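# Coordinate inspection notes
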Amino acid sequence: MRTINSAYDLSQGSAEQVIQDIDEEDADLLFSKIEEVEDLLDDTSASPVIRLVNLMLSQAVRSNISDIHIEPQQSSVKIRQRLDGVLYDMFMPPKHVQSALVSRIKLMARMNIAEKRLPQDGRIEIKVGNKDIDIRVSTLPTAFGERVVLRLLDKSTIRLSLTDLGMTPERLALFERMIRSPNGILAQRLVRVICAECMEEYRPSPEELARIGVSEAQLPYGILKRGRGCGKCLDTGYRGRTGIHEFLVLDEKMKKMILQTSDASQLRSQARRNGMKPLLQDGADKVIKGITTVEEVYRVAQS
């Protein structure tokens, strides 16, 4: 990925320089026939808007971004990216960039550039380095212009095993029994994983631990882990996601209780007596193991 870093560095300075050049954009360059390029990094187009789109896409692939949102505002355009389920501001170019930027993306996605009043869907396939990326594009008209969402899918990371979803061997065994039985319910949430590159230890306060129902005695040496933030994780302290799970086994007693009462607290108490491990507790176990943080589990489990 070092090639991507040097070829398409989406720093604020480089983005601003390209945006300034769009003032002098040649329409023939923008709307010319799309050339098939083997690798996005090999595209040396002189067109500023093409360079800007390439910067956005290559930086997104490098950082494992799942979505890019182009949101027109009254006097500017907000560009945001979704990393590990959370949207972050990318940069905010001036309003005059909007038309050329949206038109270029619609052209790449084989969409009707002239149609701006109806929603459209399209698809782009690109290659960045050794990665084949499939991009689903959707546009939606708004009061300030067309809103565009690009959803990026790295074809090499599509297949995941159940262990990749954060299930312990015990929970995996229970899940396999449940899928062979008609009586079972799975509740699941995704939490961000602490970045391995900037992971550090710290001693949490009792108040922090109380948020997820953990005591200091449960911690190895009384410490937890968190991410400081670095270039690898875009200063978020997290990189990647894993699952926290809650299994409800529907035995005969639980079925009768569901039919007889709508009191959620009674149903949850019975489920715990049957061995159900609540979502928050599964998340707390991953905090203790140094996989994720108190803040992240509390944010996801309480939502």
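First, a word on what this report is: a plain description of the structure on this page. No experiment lies behind these values; they were computed from the predicted model shown.

Glancing now at the pairing of strand 1 (residues 67-72). Burial within strand 1 is extensive, with six of its six residues counted as buried. In strand 1, alternate side chains face the same way, and those of Asp67, His69 and Glu71 on one face and Ile68, Ile70 and Pro72 on the other are all buried. The turn joining strand 1 and strand 2 (residues 77-83), which pair antiparallel and follow one another in sequence, is formed by four residues.

Where helix 10 (residues 279-288) meets helix 11 (residues 294-301), the closest approach of the two axes is 9 Å, and the angle between their N-to-C directions is 165 degrees. Considering their axes alone, helix 10 and helix 11 lie roughly antiparallel with respect to each other. Two packed elements cross with a definite hand, and for helix 10 against helix 11 that hand is right-handed. Where helix 10 approaches helix 11, its residues Leu279, Leu280, Gly283, Ala284 and Val287 are matched on the opposing element by Val294, Val297 and Ala301. Split by residue class, the contact of helix 10 with helix 11 holds seven nonpolar, one polar and no charged.

Roughly 830 Å³ of volume is contained in the largest pocket. Looking at the largest pocket, it is lined by 29 residues, and the ones nearest its centre are Asn64, Ser66, Asp84, Thr157 and Arg241. With six residues, strand 10 (residues 238-248) is the largest single contributor of residues to the lining of the largest pocket. For the lining of the largest pocket, the per-class residue count stands at 14 nonpolar, eight polar and seven charged.

So, how was this worked out
- Residues numbered from 1 in each chain as written.
- Predicted model: local features only at pLDDT ≥ 70, side-chain atom pairs only at ≥ 80, totals over all residues.
- Heavy atoms only, no water.
- Buried < 20%, exposed > 50% of the residue type's maximum accessible area, 1.4 Å probe, protein only.
- Helix = DSSP H or I, 4+ residues; strand = E, 2+ residues; numbered from the N terminus.
- Pairing = 2+ DSSP bridges.
- Axes fitted to C-alpha atoms, helices over the stretch in contact; angles between N-to-C directions.
- Parallel < 35°, antiparallel > 145°, perpendicular 65-115°, else oblique.
- Left-handed = near helix turned anticlockwise from the far one by under 90°.
- Contact = heavy atoms within 4.5 Å.
- Nonpolar A, V, L, I, M, F, W, Y, C, P; charged D, E, K, R; others polar.
- 1 Å grid on protein atoms, 1.4 Å probe; cavity = no way out; pocket = protein on both sides within 12 Å on 5 of 7 lines; lining within 4 Å.
- Points joined across faces, edges and corners; volume = space filled by probe spheres on them.

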